[in-house]
Amino acid sequence: MNIEQVQTKTIQVFKSATFMVHLWEDRTRGEQWVPSYDPKALGLVGDEFLRTVSNNAVDSGRRSFEFQALEPGTHHLEFSKRMAWKFTAEDRRIFKVIVLQSPS
């Protein structure tokens, strides 16, 4: 998948605030979202998986990532949908995170 083909979403948040990113994940197929970001600018504070399918043979649901904005500025947060047996990402989600200075 060409990175120019991926739509970028924008998130705006104040410094020190937290924000969530929710992505669908089918663990039955071996899917796993892997985040890539600058740890000086954004901190991962939570990573949870909520199984939403009631079938015992299927393990799919919503994966929720919680980040904290650490540094003001514009930062990039990229998620790659990885499969254990593939060398390239199955899919990508890209976010432009705009961190504003906290209001006084």
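Preceding this section is the structure that the text describes.
Residues numbered from 1 in each chain as written. Predicted model: local features only at pLDDT ≥ 70, side-chain atom pairs only at ≥ 80, totals over all residues. Heavy atoms only, no water.

K.L.:
Explain the sheet that holds strand β2 (residues 18–26) here, please?
P.N.:
Sheet strands line up and pair through hydrogen bonds in the backbone, either parallel or antiparallel. Across the sheet, which stays open at both edges, the 3 strands sit in the order β2-β5-β4 with antiparallel pairing between neighbours. In this open sheet, the two edge strands, each paired with only one partner strand, are β2 and β4 (42–51). The mean inter-strand angle of the sheet, taken between neighbouring strand axes irrespective of direction, is 20°. Pairing geometry for β4 and strand β5 (residues 60–69), over 9 bridges, is antiparallel. Residue pairing across strands places Gly43 opposite Gln68, the latter belonging to β5. (Pairing = 2+ DSSP bridges. Helix = DSSP H or I, 4+ residues; strand = E, 2+ residues; numbered from the N terminus. Axes fitted to C-alpha atoms, helices over the stretch in contact; angles between N-to-C directions.)

K.L.:
Would you mind showing me how to read the pattern of salt bridges here?
P.N.:
The tally for this structure, following the rule as stated, stands at 10 salt bridges. A salt bridge links Glu90 to Arg29; its shortest N-O distance comes to 3.5 Å. With Glu90 in the loop between β6 (73–83) and β7 (91–100) and Arg29 in the loop between β2 and β3 (31–36), the pair connects residues that are 61 residues apart, well separated along the chain. Relative accessible area serves as the criterion here: at 28%, Glu90 is assigned to the partly exposed category. Since its relative accessible area comes to 39%, Arg29 is described here as partly exposed. Across the pair Arg93 and Asp91 runs a salt bridge, and its minimum N-O distance is 2.6 Å. (Salt bridge = Lys/Arg side-chain N within 4 Å of Asp/Glu carboxyl O. Buried < 20%, exposed > 50% of the residue type's maximum accessible area, 1.4 Å probe, protein only.)

K.L.:
Can you help me understand the nonpolar core in this one?
P.N.:
One recurring pattern in soluble globular proteins: nonpolar side chains tend to sit buried together. Core analysis: the largest hydrophobic core is formed by 16 residues, its most contacted members being Phe19, Val21, Leu77, Phe79 and Val97. Those elements that provide at least two residues to this core are β1 (8–14), β2, β5, β6 and β7. In contact with Leu77, not counting residues within four places along its chain, are Phe19, Val21, Ser36, Tyr37, Leu42, Phe67, Arg93, Ile94, Phe95 and Val97. (Core = buried A, V, L, I, M, F, W, Y, C linked by side-chain atoms within 4.5 Å. Contact = heavy atoms within 4.5 Å.)

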